[in-house]
Amino acid sequence: MPYLESFPLHSSGQAIEAVVKERSASTGALEVVDITTATSLKMIFRNPRNERFIVSASLTNAGTDGKMKYTVLAGFLNTLGTWKYKPCFTLGTHIGDPLKGGSTLEWAHFNVVE
């Protein structure tokens, strides 16, 4: 589970990016998912107190690279410590929402520091 750079407490304007990958049924390797036509792009965050936040996200590029991002708003990063996050989206009939059991996406992490 990779760590991103640390973010200062109460900072804003930074982009937190996720890359959507799923395990190939045939090879077992992780492969980038083309999310060009995905809808309901969101990111799910859990702060160090394990409180859950769901925020709107956007494609980082065209979507073929599987990248989506959330641009941090003022007041969001208000708790020191290790945060975790996952992407959430709808792609055809597939709901990429790990909280609903629709995906095997793993949590990524970053730290909020003084």
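Numbering of residues starts from 1 in every chain and runs along the sequence as written. Totals for whole chains, interfaces and linings use all residues, but because this is a predicted model, local features are given only for residues with pLDDT of at least 70 and pairs of side-chain atoms are given and counted only at 80 or more. Side-chain measures here rest on the full set of heavy atoms in the structure, leaving out hydrogens and waters.

Averaged over all residues, the pLDDT of the protein equals 86, while 86% of them reach at least 70. Confidence of the prediction at every residue is given by pLDDT, a number between 0 and 100. Helix and strand definitions follow DSSP, with helices as H or I runs of at least four residues and strands as E runs of at least two, each counted in order from the N terminus. Between the elements of the protein, mean pLDDT differs from a low of 60, seen in strand S10 (residues 94–96), to a high of 96, seen in strand S7 (residues 58–59).

Turning next to unusual backbone geometry. In this structure, serine 40 is a non-glycine residue whose phi angle is positive, near 50 degrees. Along the chain, serine 40 falls in strand S5 (residues 39–46). Residue classification places serine 40 among the partly exposed residues on the basis of a relative accessible area of 46%. One non-glycine residue, asparagine 50, lies in the positive phi region at around 65 degrees. With respect to the element layout, asparagine 50 can be found in the loop between S5 and strand S6 (52–56). Judged by its relative accessible area of 49%, asparagine 50 falls in the partly exposed class. Relative accessible area decides the class of each residue, using a 1.4 Å probe on protein chains only: under 20% of the type maximum gives buried, over 50% gives exposed, and in between gives partly exposed.

With that out of the way, let us pick up the pattern of salt bridges. A side-chain nitrogen of Lys or Arg and a carboxyl oxygen of Asp or Glu constitute a salt bridge if their distance falls within 4 Å. This model, assessed by the stated rule, comprises one salt bridge. Ionic pairing is found between glutamate 51 and arginine 49, a salt bridge with its closest N-O pair at 3.1 Å. Take arginine 49: its relative accessible area is 54%, and that puts it in the exposed class.

What follows is about the environment of tryptophan 107. Here tryptophan 107 shows up in the loop between S10 and strand S11 (108–113). Residues tryptophan 107 and arginine 46, spaced 61 residues apart in sequence, show a C-alpha to C-alpha distance of 9.5 Å.

Moving on, we come to the packing of aromatic side chains. Pairing of aromatic side chains here covers Phe, Tyr and the six-membered ring of Trp, requires ring centres within 6.5 Å, and sorts the geometry by plane angle: under 30 degrees stacked, over 60 edge-to-face, intermediate tilted. One pass over the structure, following the stated rule, counts 11 aromatic pairs. Ring plane angle 90 degrees and centroid distance 5.2 Å describe the contact between phenylalanine 7 and phenylalanine 110, whose orientation is recorded as edge-to-face. Of this pair, phenylalanine 7 sits in strand S1 (residues 7–8) while phenylalanine 110 sits in strand S11, and the two are 103 residues apart along the sequence. Each of the two residues, phenylalanine 7 as well as phenylalanine 110, counts as buried. On the basis of an interplanar angle of 50 degrees and a centroid distance of 5.4 Å, the ring pair of phenylalanine 76 and tryptophan 83 is categorised as tilted. Residue tryptophan 83 is classed as buried on the basis of its relative accessible area, which comes to 0%. Taken together, the ring pairs connect Phe7, Phe45, Phe53, Tyr70, Phe76, Trp83, Tyr85 and Phe110 into an aromatic cluster. One residue, lysine 84, lies across the ring of tryptophan 107, its end atom 4.9 Å from the ring centre. Geometrically, a lysine NZ or arginine CZ counts as sitting over a ring once it is within 6 Å of the ring centre and also within 35 degrees of the ring normal.

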